[in-house]
Protein chains: 2
Amino acid sequence: MESTRILLEAHEIPTHWYNIAADLPSPPAPPLMADGSVARPEQLGAIFPPAIVEQEMSLERWIEIPHEVREIFRLWRPAPLVRAVRLEEALGTPAKIFFKYEGVSPAGSHKPNSAVPQAYYNREAGIRRLTTETGAGQWGASLALAGQMFGLEVRIYMVRVSYDQKPYRRMMMQTWGAEVFSSPSQMTECGRKILAEMPDTAGSLGIAISEAVEEAAGRADTNYALGSVLNHVVMHQSIIGLEAKKQFDKIGLYPDVVIGPCGGGSSLGGIAFPFLGDKAAGDKRAANLRTVAVEPCSCPSLTKGRYTYDFGDASGFTPMMKMYTLGHDFVPAGIHAGGLRYHGASQHVSQLHAAGLIEAVAVPQLATFDAGVQFARLEGIIPAPESCHAIRVAIDEALKCKETGEEKVILFNLTGHGHFDMTSFERYFSGDLEDYEYPAEEVEKSLAKLPRFG
Amino acid sequence: MESTRILLEAHEIPTHWYNIAADLPSPPAPPLMADGSVARPEQLGAIFPPAIVEQEMSLERWIEIPHEVREIFRLWRPAPLVRAVRLEEALGTPAKIFFKYEGVSPAGSHKPNSAVPQAYYNREAGIRRLTTETGAGQWGASLALAGQMFGLEVRIYMVRVSYDQKPYRRMMMQTWGAEVFSSPSQMTECGRKILAEMPDTAGSLGIAISEAVEEAAGRADTNYALGSVLNHVVMHQSIIGLEAKKQFDKIGLYPDVVIGPCGGGSSLGGIAFPFLGDKAAGDKRAANLRTVAVEPCSCPSLTKGRYTYDFGDASGFTPMMKMYTLGHDFVPAGIHAGGLRYHGASQHVSQLHAAGLIEAVAVPQLATFDAGVQFARLEGIIPAPESCHAIRVAIDEALKCKETGEEKVILFNLTGHGHFDMTSFERYFSGDLEDYEYPAEEVEKSLAKLPRFG
């Protein structure tokens, strides 16, 4: 019986993360403060531990994964690389379709890959408590798990509408010992202010970030943790692509196309950057490698945004980063069911896209659920809505191969399972979901308000 | 880095199931009809395909797993055997604790191990449609998945209270293409009758079974599938223990104690019977092997039931089987949160318990959730409430080893994850759950009504 799941042993968990900052075509643009001055490490130090600040700025190609972090990873890693044989057969494609399955983590997604090291470095720095924000709860659940593993208290500000309507992931966070507050909350000054002004607000990720950052900035024993976008987070996710490379080595293959869903950028960067590193190093197998970032038509930062300096958060608290952005006051349409709602894309993903090294495609919502259901019925796994974006493009690429007869090797990142997103599938089946295209003119309106630096 | 997850390759998926009927201390007692006559295979043939009827009666020790079934299994099998190192350290025990993790299946439990072959044999017999009943939905989801894999329509009668209150697994079944009806339904005669008499009924597993069997018996293209209790189901689950044996061989260990949750008996039998087979064959490593069936205090068939002939279903439609039973009209207390609600235990589990070859212990509900939360916070995986029963006893056995200093090897069956049971954990945390002991005198009252044969 031919193996369709390519497995690795615990000792094959990578020992170092890959940092693509070392291989960018030009030096990365520095983060800027709102007055145009370059942001200093100390300004990040108020809410992040020293090791994270260092990683955020680092130009080292390889950064060692601490032993204690790998000890936790081996509870579920290495993650399997799986060949989707039944999907290939159903499509009648000569392409070989592989996916890296990150849904095997206890939290059900790739997010613990960064939550675990972030919790570790904070504990090493003497921090006792972490705060964060969460929407549907994928990141909050992962930080709850990671905090529990290293004995840290975790406080999660969960967007009110999700807190009320998506209780399962909240219960999961509580099972791992985290405290979860409906945001806006009475716990913070900004939460109290917003509640006084808008008692019936549904909350937003922007408000929840403000609450989590306020608490972390105000207490010496407390730091803040972010689940995507920042350089260190994307680098932590490189473990996905590094494992996939080892797995392809075992079967003597190398991908022609690497596909990832793209919101903040850590799932795309996580699977693709190690292969782009091969390309930068002149590896012949990677000479014609294509990398495709898949984003929703309703949040099309790479395909419709502008490459410019913008704030990382909705309120303009953070330094500005040079990235593809829809404007930091972008609000995703209510009809959009999945994640991938961030207004920008990570700096490195943005820079590589600007340099023509990463393709980007925006896909309409219904087509992603079509693909996700087709996948679930053939391969079993019910994918998270974010992962459905990558599946859509993997199927489209495989169908192109059917036309051309090319036997391409396609790799995509199956970032998580959809067990906590079943209501989105129900909305899809009952016809409640629609396609929505974000209007390009909104981007111009939003960006016109910004200071211009780059 | 020492491996704590012992993995197998796809080609190591067992090629044969183990049938303990060949190794029982005495021939199994035959199923009887209500009039005391021995049930004939044709009577099962109305709702089961020939291969399943044959397996149900078979005394062959090894039965080949069809190639097509193994092809589906390799989407997620072999399942990992995991050493719970962090749990051992937290307990300070010299024991080695291992679990076989069946939550890796797309449905999240061990149930597809039988759903897949049942769907296969039905398709081979020319059947186009399967019916079944489901409570919380673990079995229904597994049959939906399996039916989809072999192109069969699946109709699931889901107990009304679960249909209304546990929508996530219903959505999962629908994602895999199954039709799900709230039971009692308008689809069947017995459903319509009950609705007319009791329009506000919450439904019950007994009613749902009656609906599923009625539809299957009345249509030539339709069969019925059951998720536990019957001999063929328990045998299909032997793949769990057979894989575990190969995994222990790789690390040169053998379990001293094998522990499984016990409702109908397929998860206990699935992990334990292959080791009991070694014992029957005189394998010295198994000479002192202990097998422990863990049941809830609120449904204590092995510890408080009587070993006698009783009906398999609540309504008395099925043949009678000789088994430990609380009486077929047993109704689990509303306070009981998990599965393991069946009134009896599989014939082979019952016979082995009666012969002193399987120990049984009943555990109170709160202690199982205590154990499950402790496990989740150390090992990451949030276990299903059923699995928490096995974890409770594994921890208790490990604590005994701490007192005696024995370095025992403990193996338990982690039958599934708790992603769809988070409301039970919330009830536990909020103090809504209580312990409940089923009163022994109820058993006598219920059994007094039965015809007596053995």
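None of these values were measured; they are calculated from a predicted model.

**Focus: the packing of helix 9 (residues 189-197) of chain A against helix 10 (residues 205-218) of chain A**
Residue and element names in this part refer to chain A.
Next, step 1: Their axes nearest at 8 Å, the elements helix 9 and helix 10 cross at an angle of 145°. Along the contact surface, helix 9 presents E189, C190, G191 and I194, while helix 10 presents I207, S210, E211 and E214.
Next, step 2: Of the residues in the contact of helix 9 with helix 10, the class split is three nonpolar, two polar and three charged.

**Side note on the interface of chain A and chain B**
Next, step 1: Tallying the contact residues gives 48 residues for chain A and 48 residues for chain B.
Next, step 2: Contact between chain A and chain B buries roughly 4600 Å² in total, counting both sides, with carbon and sulfur atoms accounting for 58%.
Next, step 3: In this structure, the salt-bridge partner of E426 of chain B is R170 of chain A, at a minimum N-O distance of 2.9 Å.
Next, step 4: Looking at the side of chain A that touches chain B, the elements that each hand over two or more residues are helix 3 (67-73), helix 6 (138-149), helix 8 (167-175), helix 16 (365-379) and helix 18 (422-429) of chain A.
Next, step 5: Ranked by residue count, the leading element in the side of chain A that touches chain B is helix 8 of chain A, at six residues.
Next, step 6: The residue inventory of the side of chain A that touches chain B, partitioned by class, reads 25 nonpolar, eleven polar and twelve charged.

**Let's talk about the pattern of salt bridges**
All names here are of chain A.
Next, step 1: Taken as a whole and judged by the stated rule, the model has 60 salt bridges over all chains.
Next, step 2: Where E215 meets R155, a salt bridge forms, and the shortest distance between an N and an O atom there is 3.1 Å. Here the residue E215 occupies a position in helix 10, and R155 occupies one in strand 7 (residues 153-159), the gap between them amounting to 60 residues. As far as burial versus exposure is concerned, E215 and R155 are alike and both buried.
Next, step 3: Taken together, the shared-partner salt bridges connect R128, R129, E153, R155, E179, E215, R219 and D221 into one network.

**Quick word on the packing of aromatic side chains**
Residues and elements named next belong to chain A.
Next, step 1: As enumerated under the stated definition, the model contains 36 aromatic pairs over all chains in all.
Next, step 2: Measuring from ring centre to ring centre gives 5.6 Å for Y157 and F181, while their planes differ by 35°; the resulting arrangement is tilted. With Y157 in strand 7 and F181 in strand 8 (residues 179-183), this pair connects stretches of sequence that are 24 residues apart.
Next, step 3: Assessed through its relative accessible area of 0%, Y157 is described here as buried.
Next, step 4: Among the aromatic side chains, those forming a connected cluster through ring pairs are F99, Y101, F375 and F412.

**As for unusual backbone geometry**
Next, step 1: With omega at 10°, the peptide bond leading from S183 of chain A into P184 of chain A counts as cis.
Next, step 2: With respect to the secondary-structure elements, P184 of chain A resides in the loop between strand 8 and helix 9.

**Thoughts on the packing of helix 13 (residues 266-280) of chain B against helix 15 (residues 347-354) of chain B**
All names here are of chain B.
Next, step 1: Following both chains from N to C, one finds helix 13 and helix 15 inclined at 55°, their axes separated by 11 Å at the closest point. On the basis of their axis angle, the class for helix 13 and helix 15 is oblique. Of the two possible hands of crossing, helix 13 and helix 15 adopt the one that is left-handed. Across the interface between the two elements, L268, F273 and L276 from helix 13 touch H348, V349 and L352 from helix 15.
Next, step 2: Within the contact of helix 13 with helix 15, the residues separate by chemical class into five nonpolar, one polar and no charged.

**A look at the sheet that holds strand 10 (residues 257-261) of chain A**
Residue and element names in this part refer to chain A.
Next, step 1: Here we have seven strands laid out as an open sheet, ordered 1-4-5-15-10-11-14, and mixed in their pairing. Single-partner strands in this sheet number two, and they are strand 1 (5-6) and strand 14 (359-363).
Next, step 2: Sheet topology places strand 10 next to strand 11 (residues 290-296); five bridges connect them, and they run parallel. When the sheet's bridge partners are listed, G260 is paired in strand 11 with A293.

**Description of empty space enclosed by the protein**
Next, step 1: Summed over the entire model, instances satisfying the criterion amount to seven cavities of 30 Å³ or more.
Next, step 2: Elements with a contribution of two residues or more to the lining of the largest cavity: strand 5 (96-101) of chain A together with strand 5 (96-101) of chain B.
Next, step 3: The class makeup of the residues in the lining of the largest cavity is 25 nonpolar, eight polar and four charged.
Next, step 4: What the second largest cavity holds in volume is close to 90 Å³.
Next, step 5: Around the second largest cavity sit 16 residues that line it, and P296, S298, H336, Q365 and H389 of chain B are the ones nearest its centre.
Next, step 6: Mapped onto the lining of the second largest cavity, the elements with two or more residues apiece are helix 16 (365-379) and helix 17 (385-404) of chain B.
Next, step 7: The dominant element in the lining of the second largest cavity, judged by the number of residues it contributes, is helix 16 of chain B, at three residues.

**Side note on the relation of the copies chain A and chain B**
Next, step 1: Aligned on chain B, chain A shows an RMSD of 0.0 Å; the corresponding rotation is 180° and the shift along the axis is 0.0 Å. In short, the pair behaves as if placed about a two-fold rotation axis.
Next, step 2: Here 100% of the interface residues in chain A have copies in chain B that are interface residues too; the copies meet face to matching face.

**Structural notes on the sheet that holds strand 4 (residues 81-83) of chain B**
All names here are of chain B.
Next, step 1: On the basis of which strands lie adjacent, the open sheet formed by seven strands has the order 1-4-5-15-10-11-14 and mixed pairing. Strands at the two margins of the open sheet, each flanked by one partner only, are strand 1 (5-6) and strand 14 (359-363).
Next, step 2: Both strand 1 and strand 4 contribute to a ladder of two bridges, which runs antiparallel. Bridge pairing in strand 4 links I6 to L81.

**What to know about the domain arrangement of chain A**
Residue and element names in this part refer to chain A.
Next, step 1: The assigned domain composition of chain A is domain 1 (5-10 + 66-108 + 237-447) and domain 2 (17-60 + 111-231).
Next, step 2: For domain 1 and domain 2, the distance between their C-alpha centroids amounts to 22 Å.
Next, step 3: At the junction of the two partners, domain 1 supplies 47 residues and domain 2 supplies 45 residues.
Next, step 4: Note on domain 1 versus domain 2: buried area summed over both sides is about 3900 Å², and carbon and sulfur give 66% of it.

**Things to note about the pairing of strand 15 (residues 409-414) of chain A**
Residue and element names in this part refer to chain A.
Next, step 1: In terms of residue burial, strand 15 counts as a mostly covered element, since six of its six residues are buried.
Next, step 2: Side chains of strand 15 alternate between two faces, with V409, L411 and N413 and I410, F412 and L414 buried alike.
Next, step 3: Of the pairings in the sheet, the one linking strand 5 to strand 15 comprises six bridges and is parallel in character. Among the inter-strand pairings, F99 is bridged to a residue of strand 15, identified as F412.
Next, step 4: Here three bridges tie strand 10 to strand 15, and the two strands are oriented parallel to one another. The residue of strand 15 that forms the bridge with V257 is I410.

**What to know about helix 16 of chain A**
Owing to its 3.6 residues per turn, the α-helix aligns residues three or four sequence positions apart on the same side.
Next, step 1: Compared with the 21 Å implied by 1.5 Å per residue over 15 residues, the 21 Å span of helix 16 of chain A between its first and last C-alpha is a close match.
Next, step 2: Just downstream of helix 16 of chain A, G380 of chain A is the residue with a positive phi angle, here 95°.

**Here's the deal with the environment of V116 of chain A**
All names here are of chain A.
Next, step 1: Here V116 shows up in helix 5 (residues 112-124).
Next, step 2: What makes V116 buried here is its relative accessible area of 0%.
Next, step 3: A C-alpha to C-alpha distance of 8.5 Å links V116 and F150, two positions 34 residues apart in sequence.
Next, step 4: For V116, the contacting residues outside a window of four places in its chain are V69, I72, F73, W76, A146 and F150.

Parameters at a glance
Residues numbered from 1 in each chain as written. Chains lettered and ligands numbered in written order. Predicted model: local features only at pLDDT ≥ 70, side-chain atom pairs only at ≥ 80, totals over all residues. Heavy atoms only, no water. Axes fitted to C-alpha atoms, helices over the stretch in contact; angles between N-to-C directions. Helix = DSSP H or I, 4+ residues; strand = E, 2+ residues; numbered from the N terminus. Contact = heavy atoms within 4.5 Å. Nonpolar A, V, L, I, M, F, W, Y, C, P; charged D, E, K, R; others polar. Buried area = accessible area lost by both parts, 1.4 Å probe. Salt bridge = Lys/Arg side-chain N within 4 Å of Asp/Glu carboxyl O. Buried < 20%, exposed > 50% of the residue type's maximum accessible area, 1.4 Å probe, protein only. Phe/Tyr/Trp six-rings, centres within 6.5 Å; stacked < 30°, edge-to-face > 60°. Parallel < 35°, antiparallel > 145°, perpendicular 65-115°, else oblique. Left-handed = near helix turned anticlockwise from the far one by under 90°. Pairing = 2+ DSSP bridges. 1 Å grid on protein atoms, 1.4 Å probe; cavity = no way out; pocket = protein on both sides within 12 Å on 5 of 7 lines; lining within 4 Å. Points joined across faces, edges and corners; volume = space filled by probe spheres on them. Least-squares fit on C-alpha atoms with pLDDT ≥ 70 in both. Domains from an automatic or database assignment. Expected span 1.5 Å × (residues − 1).

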